[in-house]
Amino acid sequence: MKRFTLSALAALALTLGSCDEKDCCVQPPREPVTATALTRTNTWYLSEYVVAGQITRTDAIKDRFALRFAADGSYRRILLSDDSETAGTWKLTGSDNRQLNLIDHKSDPQNFTVESVNPESLFLYRAAINGRDETYLFKTTR
């Protein structure tokens, strides 16, 4: 019985350990991001901000803002505390158009990776200058 149990365990280990990367470990390809995916929503409201593992949500976000992307490559950033607006330009670049390049009103570039976008949410990521990653989750409701 002991020999059967050991043989069964060995066979199970070989079966589980023989995963061919091409068959079971490869992520399905992501759809390219399109300009329409960003512009079809009138306003994207920042709903969650994460830096260094610290999550801040909705009104607790200091200087919470919204983004409005236009099809002509312009965008508006609206500070929600006083509804003040600044304008800039945007474009999608990189592999599958996943790099979102923003140039703000001071001509300062800000680069994000579009992790996902759908009609209800926009999820952006960037590595901060100080080495701490930042993520931004935008929703269509304030």
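Please read all numbers here as calculations on a predicted model, not as lab measurements.

Novice: For the pattern of salt bridges, give the residues involved together with the corresponding values.
Specialist: If charged atoms from side chains of opposite charge come close, those side chains can pair. A full pass over the atoms with the stated rule returns 7 salt bridges. Between D59 and R64 there is a salt bridge, and its shortest N-O distance comes to 3.1 Å. Linking R76 and E85 is a salt bridge whose minimum nitrogen-to-oxygen distance equals 3.4 Å. For E85, a relative accessible area of 41% puts it in the partly exposed group. Each of R68, R76 and E85 takes part in salt bridges that share partners, so that together they form one network.

Novice: Before we move on, can you summarise the pairing of strand β8 (residues 121-127) with the specific residues and values?
Specialist: In the sheet, strand β7 (residues 109-117) pairs with β8 via 4 bridges, with the strands oriented antiparallel. Bridge pairing in β8 links V117 to L122. Turn length for the β7-β8 hairpin, with the two strands adjacent in sequence and antiparallel, is 3 residues. Following β8, the chain reverses through 5 residues before pairing antiparallel with strand β9 (residues 133-139); G131 in that reversal takes a positive phi of roughly 90°.

Novice: Break down the pairing of strand β4 (residues 74-79) for me, citing the residues and quoting the values.
Specialist: With 5 bridges joining them, strand β3 (residues 65-69) and β4 adopt antiparallel strand pairing. Across the sheet, residue R68 finds its bridge partner in β4, namely R76. With antiparallel pairing between neighbouring strands as the criterion, β4 and strand β5 (residues 84-93) make up a hairpin whose turn holds 4 residues, including D83 at a positive phi of roughly 60°.

Novice: Provide a residue-level description of unusual backbone geometry, including the pertinent values.
Specialist: Although it is not a glycine, N97 sits at a positive phi angle of roughly 55°. Within the secondary structure, N97 is located in the loop between β5 and β6 (99-103). Even without being glycine, S107 reaches a positive phi, approximately 65°. Assignment of secondary structure puts S107 in the loop between β6 and β7. Since its relative accessible area comes to 55%, S107 is described here as exposed.

Novice: Just give me the short version of the nonpolar core, but keep the residues and values in it.
Specialist: One finds F69, W90, L100, L122, L124, Y136 and F138 to be the most contacted residues of the largest nonpolar core, which totals 21 residues. Of all elements in the fold, only β1 (44-51), β3, β5, β6, β7, β8 and β9 reach the threshold of two or more residues within this core. The biggest single contributor to this core is β1, with 4 residues. Apart from the residues lying within four places of it in its own chain, the contact partners of L122 are L38, W44, F69, V114, S116, V117, Y136, L137 and F138.

Novice: Give me the lowdown on the layout of surface pockets, citing residues and values where you can.
Specialist: Computed from the structure, the largest pocket encloses a volume of approximately 390 Å³. As for the largest pocket, its lining consists of 20 residues, and the residues nearest its centre are F65, R77, D104, Q110 and R126. Among the secondary structure elements, those contributing two or more residues to the lining of the largest pocket are β3, β4, β5, β7, β8 and β9. For the lining of the largest pocket, the leading source of residues is β4, giving 3 residues. Taken together, the residues of the lining of the largest pocket break down into 11 nonpolar, 4 polar and 5 charged.

Cut-offs and rules
- Residues numbered from 1 in each chain as written.
- Predicted model: local features only at pLDDT ≥ 70, side-chain atom pairs only at ≥ 80, totals over all residues.
- Heavy atoms only, no water.
- Salt bridge = Lys/Arg side-chain N within 4 Å of Asp/Glu carboxyl O.
- Buried < 20%, exposed > 50% of the residue type's maximum accessible area, 1.4 Å probe, protein only.
- Pairing = 2+ DSSP bridges.
- Helix = DSSP H or I, 4+ residues; strand = E, 2+ residues; numbered from the N terminus.
- Core = buried A, V, L, I, M, F, W, Y, C linked by side-chain atoms within 4.5 Å.
- Contact = heavy atoms within 4.5 Å.
- 1 Å grid on protein atoms, 1.4 Å probe; cavity = no way out; pocket = protein on both sides within 12 Å on 5 of 7 lines; lining within 4 Å.
- Points joined across faces, edges and corners; volume = space filled by probe spheres on them.
- Nonpolar A, V, L, I, M, F, W, Y, C, P; charged D, E, K, R; others polar.

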